[in-house]
Structures are given as structure tokens and as C-alpha cells.
Amino acid sequence: MIATDGGHLPTNLEALRSHQPALAEELEKTGIPLGVTPTVGRDGSASLRIESDDGTSRWLGRASMPRVRAAALVDLLGFNGENVFISPMGNGAEVEEVLRRGAAHAAVFIYDPDPVDIVLALSLTDFSAHIRSGRLVILTGADPARSAVDVFADHPGYEFPRKMLVPPYVEAKTIESLRIAMERACGEVEQARTKI
């Protein structure tokens, strides 16, 4: 559960400092906004409600039962333990489920354009061991392809993820643009690796 001190955020940021220092710095500056309320999802998992300026509120990751949805989505993925790309991070339940089911060498790559949502998810769950081991890599920024290419350039030992998990609330055009961006990034990464 998120606490007024940021819950698991400090531990996760400390882990990010060793693996993705620029991202850690960006997220540290982002902080936890006002209007965020700790709550418990209908499946008993820790979650957050986020109140908008207009007075409406939403669940972080748009799921009132995040663990139930995560298990169902990973089942549909046909997951065999390989590296996976997830977008967006949501409340982190899908990330946890893939990490739990994945092989010890497999990595999860998250792309979320909203650093606030990343901060909130990192506040809910202790991902620090996975971040330190390199099993969890977080991408953000306006261009998912550029973010992926940069991460793979900084960490050349990773295999590019061949599976993509996207929650059902993400629009089809966004999914298609993510798919195209990841294909472009994969091509750039493979081309750069043949030059080494």
C-alpha cells in the first residue's frame, strides 16, 4: 500500500539509480501528485484512485481487480517465459505476473509515456530486486522506439522482446503505433548489433 512517504518508491528509485540512472533522476523529480488515494482493489490488491481536476477519479491502470486482470491477460498472451514488452505500466500487476511466470533470464520491458503513472506504480510494489537484476527495464518519453533503442544501446546483452502485452482499455490505434514503433526499434537495434 502506498504510504505518505511514497511506499516502495524510494527502494525502487535506489535500484534504478544503478541500472537506469537518468530515469531514476527523472522519476525522482516527478514525485507523487496530489489527489492520489490509497485503496484496495476488489481482488484485495493494493491500488490507487487518482482524482482529476474535474472531480472524477480513476483506478491506477484502470483496473479495480488488477491481479485478476493481470492473470487473464498473461494467459491470453500465450506466454512461454520469453522477454515481454508491456505498455503502459498500469498499477504494475501485469508486470508482477509476467515476472512471476517468467524464466530467471527473461526480462520485462515497460513503456509508459506518463512518468507520473510510473512513479505511482513504483510506489505500490517493490520491484527493486527485478530492477537490480535487469529483469525489469522501464522506458518512458514521447517516442517509444527511441526510448527502446537507447536502452538497448546502453544494455547490449538483452534480446528484443517478441511479445507485447497491452491492457484492453488501450485504443487499437495506440496499440498499432506501439507495434510499429517496436518493430522500428528492433530493426535499429539489430542493425546496430551487426556493426559491432
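Our subject is the structure listed above.
Definitions and cut-offs
- Residues numbered from 1 in each chain as written.
- Predicted model: local features only at pLDDT ≥ 70, side-chain atom pairs only at ≥ 80, totals over all residues.
- Heavy atoms only, no water.
- Phe/Tyr/Trp six-rings, centres within 6.5 Å; stacked < 30°, edge-to-face > 60°.
- Core = buried A, V, L, I, M, F, W, Y, C linked by side-chain atoms within 4.5 Å.
- Buried < 20%, exposed > 50% of the residue type's maximum accessible area, 1.4 Å probe, protein only.
- Helix = DSSP H or I, 4+ residues; strand = E, 2+ residues; numbered from the N terminus.
- Contact = heavy atoms within 4.5 Å.
- Arc of directions from axis to C-beta.
- Pairing = 2+ DSSP bridges.
- Axes fitted to C-alpha atoms, helices over the stretch in contact; angles between N-to-C directions.
- Salt bridge = Lys/Arg side-chain N within 4 Å of Asp/Glu carboxyl O.

## Section: the packing of aromatic side chains
Describing an aromatic ring pair means giving the distance of the ring centres and the angle of the ring planes.
Consideration 1: For the structure shown, the criterion picks out 4 aromatic pairs.
Consideration 2: Clustering of aromatic rings is evident, with ring pairs tying together Phe109, Phe152, Tyr158 and Phe160.

## Focus: the nonpolar core
Consideration 1: By size, the foremost hydrophobic cluster in this structure holds 28 residues, and its most contacted members are Leu16, Val95 and Leu122.
Consideration 2: Counting only elements with at least two residues in this core, the list comes to helix H1 (9-19), helix H2 (21-30), helix H3 (66-77), strand E4 (84-86), helix H4 (93-101), strand E5 (108-111), helix H5 (115-124) and strand E6 (136-139).
Consideration 3: Residues in contact with Val95, not counting those within four places in the same chain, are Ile86, Met89, Val108, Ile110, Phe127 and Leu136.

## A word on H2
Consideration 1: Burial in H2 covers these residues: Leu23, Ala24 and Leu27. Looking down the long axis of H2, one finds its buried residues gathered within 100° of arc, a one-sided arrangement. Residues of H2 that are exposed and angled more than 90 degrees away from the buried face: Ala22 and Lys29.
Consideration 2: Packed against the buried residues of H2 are H1, H5 and E6.
Consideration 3: Just beyond H2, the residue with positive phi is Gly31, at close to 70°.

## Focus on the side chain of Gln20
Consideration 1: With respect to the helices, strands and loops of the structure, Gln20 is situated in the loop between H1 and H2.
Consideration 2: Gln20 gets classed as buried once you look at its relative accessible area, which sits at 8%.
Consideration 3: With residues near it in sequence (within four places) discarded, Gln20 still touches Leu136, Val137, Ile138, Val151 and His155.

## What to know about the sheet that holds strand E7 (residues 163-165)
Consideration 1: Strand order in the open sheet made by the 4 strands is E6-E5-E4-E7, with parallel pairing throughout. Pairing within the sheet leaves two strands with one partner each, and these edge strands are E6 and E7. Direction aside, the axes of adjacent strands within the sheet are offset by 25° on average.
Consideration 2: Sheet topology places E4 next to E7; 3 bridges connect them, and they run parallel. Bridging across to E7, Ile86 finds its partner in Leu165.

## Examining the sheet that holds strand E2 (residues 46-51)
Consideration 1: Read across the open sheet, the 3 strands follow the order E1-E2-E3; overall the sheet is antiparallel. Edge strands, defined here as strands with exactly one partner in the open sheet, are strand E1 (36-40) and strand E3 (57-59). Sheet twist, expressed as the average angle between the axes of neighbouring strands with direction ignored, equals 30°.
Consideration 2: The pairing of E2 with E3 spans 3 bridges and is antiparallel. Within E3, the residue paired with Glu51 across the bridge is Ser57.
Consideration 3: Lying over the sheet, H5 contacts E1, E2 and E3, oriented at roughly 150° with respect to E2.

## What to know about the pattern of salt bridges
Consideration 1: Scanning all chains against the criterion turns up 16 salt bridges.
Consideration 2: Note that Glu28 is salt-bridged to Arg17, the shortest N-O span being 2.6 Å. Of this pair, Glu28 sits in helix H2 while Arg17 sits in helix H1, and the two are 11 residues apart along the sequence.
Consideration 3: We classify Arg17 as partly exposed; its relative accessible area is 32%.
Consideration 4: Residue Glu183 pairs with Arg179 through a salt bridge whose shortest N-O separation is 2.5 Å. Within this pair, Glu183 and its partner Arg179 are both found in helix H8 (residues 172-194), separated by 4 residues, close to a single helical turn.
Consideration 5: Among the residues examined, Glu183 registers a relative accessible area of 48% and is labelled partly exposed.
Consideration 6: It is possible to trace a salt-bridge network through shared partners that takes in Asp143, Arg146, Asp150, Arg184 and Glu188.

Just geometry here; none of it tells us what the structure is for.
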